[in-house]
Amino acid sequence: AQSVTQPDIHITVSEGASLELRCNYSYGATPYLFWYVQSPGQGLQLLLKYFSGDTLVQGIKGFEAEFKRSQSSFNLRKPSVHWSDAAEYFCAVGGPYYNQGGKLIFGQGTELSVKP
Amino acid sequence: SQTIHQWPATLVQPVGSPLSLECTVEGTSNPNLYWYRQAAGRGLQLLFYSVGIGQISSEVPQNLSASRPQDRQFILSSKKLLLSDSGFYLCAWERTSLGYEQYFGPGTRLTVT
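Residues numbered from 1 in each chain as written. Chains lettered and ligands numbered in written order. Predicted model: local features only at pLDDT ≥ 70, side-chain atom pairs only at ≥ 80, totals over all residues. Heavy atoms only, no water.

Visitor: Teacher, can you tell me more about the overall build of chain A here?
Guide: A count of helices and strands for chain A gives zero helices and twelve strands. Reading the secondary structure of chain A in the N-to-C direction produces β-β-β-β-β-β-β-β-β-β-β-β. Expected size for 116 residues packed as a compact globule is a radius of gyration near 13 Å; at 14 Å, chain A falls within 12% of this value. Each of the three principal axes of chain A carries a C-alpha extent, and together these read 45 × 30 × 25 Å. Of the roughly 5,600 Å² of accessible surface on chain A, a fraction of 47% belongs to carbon and sulfur atoms. Counting 9 positive and 9 negative side-chain charges, chain A places the centres of these two groups 5 Å from one another. (Helix = DSSP H or I, 4+ residues; strand = E, 2+ residues; numbered from the N terminus. Rg over C-alpha atoms; globule rule 2.2 N^0.38 Å. Areas by Shrake-Rupley, 256 points an atom, 1.4 Å probe, with all protein chains shown as cover. Lys, Arg positive; Asp, Glu negative; His and termini not counted. Charge placed at Lys NZ, Arg CZ, Asp CG, Glu CD.)

Spelled out as structure tokens, the structure:
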């Protein structure tokens, strides 16, 4: 079955510290992988995506993610967290679905809090 | 550039009343369109998706329905709201030419009282 697991429901980091959010997926074909961010009361914004090629992908706001096929993981990282990064982060996997367009499967999200 | 709109932004409705939420996309043609619901403290639940005018696929049986009367318009409806319909409703469009990435609207906060 296709699924996405984000093991950490809530993470707190200090401002300026590094960040890693975990994402594991199960998908029966070559996955398309995404990270989205959601501020309170807002829609989701696409941070970055992986389709193929280089397994380390760069996104907006200084985020990067690494695709590891052997571990079925797509972890999100940032070297130095800013207070404005506090938000909820969603990992998603997708691809062709019944040849009628893609469908994304989302993880349950990780809420990030940033300590001053 | 492409823009997605949702309205209303906030809605408070009594149990048993009808519902109509609207989503429109600008700057693209023939997008795939999606309705999601996000309950408090939970992830996204896909409700409906559409690959063209009049083509609707339902993911979860419920008292909600969706329609796509125009290429860039997607409507979520209900004849009689339940308390459990409360939540944050998100519309998204998909740029299939670039590999299934979806772009989300600002959402509608629905509270059923």
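Visitor: What is the right way to read the overall build of chain B from this model?
Guide: Summing up its helical and strand segments, chain B has zero helices and eleven strands in all. Listing every helix and strand of chain B by position from the N terminus yields β-β-β-β-β-β-β-β-β-β-β. Over its C-alpha trace chain B gives a radius of gyration of 13 Å, about what one expects of a compact globule, namely 13 Å for 113 residues. Along the three orthogonal principal directions, the C-alpha set of chain B runs to about 40 × 30 × 20 Å. Within the span of chain B, comprising 113 residues, buried residues form 49% of the whole. Contacts in chain B between residues at least 24 apart in sequence constitute 53% of all its contacts with a sequence separation of at least 6. (Buried < 20%, exposed > 50% of the residue type's maximum accessible area, 1.4 Å probe, protein only. Contact = heavy atoms within 4.5 Å.)

Visitor: Would you mind showing me how to read the nonpolar core here?
Guide: In globular proteins that are soluble, nonpolar side chains generally tend to be buried together. Membership of the largest hydrophobic core comes to 28 residues, with the highest contact counts inside it found for Leu19, Trp35, Leu47, Leu48, Phe74, Leu76 and Tyr89 of chain A. Of all the secondary structure elements, the ones that give two or more residues to this core are β2 (10-14), β3 (19-21), β5 (32-38), β6 (44-50), β8 (64-68), β9 (73-78), β10 (87-96) and β12 (110-115) of chain A. By residue number, the principal contributor to this core is β10 of chain A, which donates four residues. Membership of the second largest hydrophobic core comes to 20 residues, among which are Leu19, Phe74, Tyr89 and Leu110 of chain B. (Core = buried A, V, L, I, M, F, W, Y, C linked by side-chain atoms within 4.5 Å.)

Visitor: Whenever I open this one, the pairing of β9 of chain A confuses me. Can you help?
Guide: Residues and elements named next belong to chain A. Within β9, five of the six residues are buried, leaving the element largely enclosed by the surrounding structure. Looking at chain direction, β3 and β9 are connected through three bridges and run antiparallel. Bridge pairing links Leu21 to Leu76 in β9. Both β8 and β9 contribute to a ladder of five bridges, which runs antiparallel. By the bridge assignment for β9, Glu64 is matched with Arg77. The antiparallel hairpin formed by β8 and β9 contains four residues in its connecting segment, where Ser72 sits at a positive phi of about 50°. (Pairing = 2+ DSSP bridges.)

Visitor: I keep staring at the sheet that holds strand β3 (residues 19-26) of chain B and nothing clicks. Help me out?
Guide: The strands that make up a sheet pair up through hydrogen bonds in the backbone, lying either parallel or antiparallel. Residues and elements named next belong to chain B. The four strands lie next to each other as β1-β3-β8-β7, forming an open sheet whose pairing is antiparallel. Lying at the two open borders of the sheet, with one neighbouring strand each, are β1 (3-7) and β7 (64-70). Between one strand and the next, the sheet's axes are offset by a mean angle of 20°, whatever the strand orientation. The sheet contact formed by β7 and strand β8 (residues 73-78) spans five bridges and is antiparallel. (Axes fitted to C-alpha atoms, helices over the stretch in contact; angles between N-to-C directions.)

Visitor: Looking at this structure, I do not really get the side chain of Gln73 of chain B. What am I missing?
Guide: Residues and elements named next belong to chain B. Within the element layout of this structure, Gln73 appears in strand β8. Look at Gln73 and you get buried, because its relative accessible area is 12%. Among the polar contacts listed, one links the side chain of Gln73 to the side chain of Glu22, at a separation of 2.6 Å. Once residues within four sequence positions are removed from consideration, Gln73 is found in contact with Glu22, Cys23, Thr24, Leu33, Ser67 and Arg68. (Polar contact = N/O pair within 3.5 Å; in protein donor to acceptor, adjacent residues only side chain to side chain.)

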